[in-house]
Amino acid sequence: MTIVSLVLTWVLLLAVQGNAQDKREPIRMAVIPFEDILGNASPDATKFTQVLLAHLSREEKLAARIAKPDKPGTVLDRETALALAKKQDAVYLITGRVIDATTGQGNSGLPIPKLGRVNSNSVTSEVKVEMEVISVATGKTVERLRAEGEKTLRSNQTWVNSRLGSINLGGSTPTHAPMGPAMNECAEKLVKRTLEILISRK
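On a predicted model such as this, the values are computed, not experimentally measured, just so you know. (Residues numbered from 1 in each chain as written. Predicted model: local features only at pLDDT ≥ 70, side-chain atom pairs only at ≥ 80, totals over all residues. Heavy atoms only, no water.)

Our focus in this paragraph is the packing of aromatic side chains. For the structure on display, the rule yields one aromatic pair. Each ring, one from F34 and one from F48, has its centre 5.7 Å from the other, and the planes form 50°; the classification is tilted. Separated by 14 residues along the polypeptide, F34 in the loop between strand 1 (27-31) and strand 2 (35-36) and F48 in helix 2 (residues 43-57) bring together distant segments of the chain. With relative accessibility at 2%, the residue F34 sits in the buried group. The class for F48 is buried, based on a relative accessible area of 0%. (Phe/Tyr/Trp six-rings, centres within 6.5 Å; stacked < 30°, edge-to-face > 60°. Helix = DSSP H or I, 4+ residues; strand = E, 2+ residues; numbered from the N terminus. Buried < 20%, exposed > 50% of the residue type's maximum accessible area, 1.4 Å probe, protein only.)

Take the pattern of salt bridges next. With the rule as written, the count across this model stands at eight salt bridges. The shortest N-O distance in the salt bridge between D89 and R28 comes to 3.7 Å. On the criterion of sequence distance, the pair formed by D89 in the loop between helix 3 (78-87) and strand 4 (92-112) and R28 in strand 1 is long-range, its members being 61 residues apart. On the basis of relative accessible area, D89 is assigned to the partly exposed category, the value being 48%. (Salt bridge = Lys/Arg side-chain N within 4 Å of Asp/Glu carboxyl O.)

Printed below as a string of structure tokens:
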């Protein structure tokens, strides 16, 4: 065999290996619906589960599916959750809880000489989540993660408070709470960290 043939064979082997790596099956994951800090299936916990699942589904290296209990709204214990994950042939089980999901209003202002004060309103949503990645084969925790998300919407509706009373200078106010974007930020952080951990274990 000539040197050229050897080189071509070597290049071909490398290409085949590269294609095999690219075509590896995604890591299968079962996601149990999240609960709130009291252990209940609250609306915020349900919404975050949907957001997290959407982010996981966008990753080509992950294959995530929801593992629902027989009765909707039921919080599962670890053993039952693992059993559901095994039925789905999942490698990892994802569980978690929404520690906090709050929305509050703020007010900021600047004094204006002789006129009074210019005030603008804002709405801020914050979410804090704990998540656990569990090996289905061993039932042991691989990693515990915690992430936060925050989003603020500010109004351009401005008021001047003066001795004559409040004067609206026009503009608009936020029509909805920014909880969705806050949850997206939190879920994105959790998925990124999860991907790093699981790839490092392969």
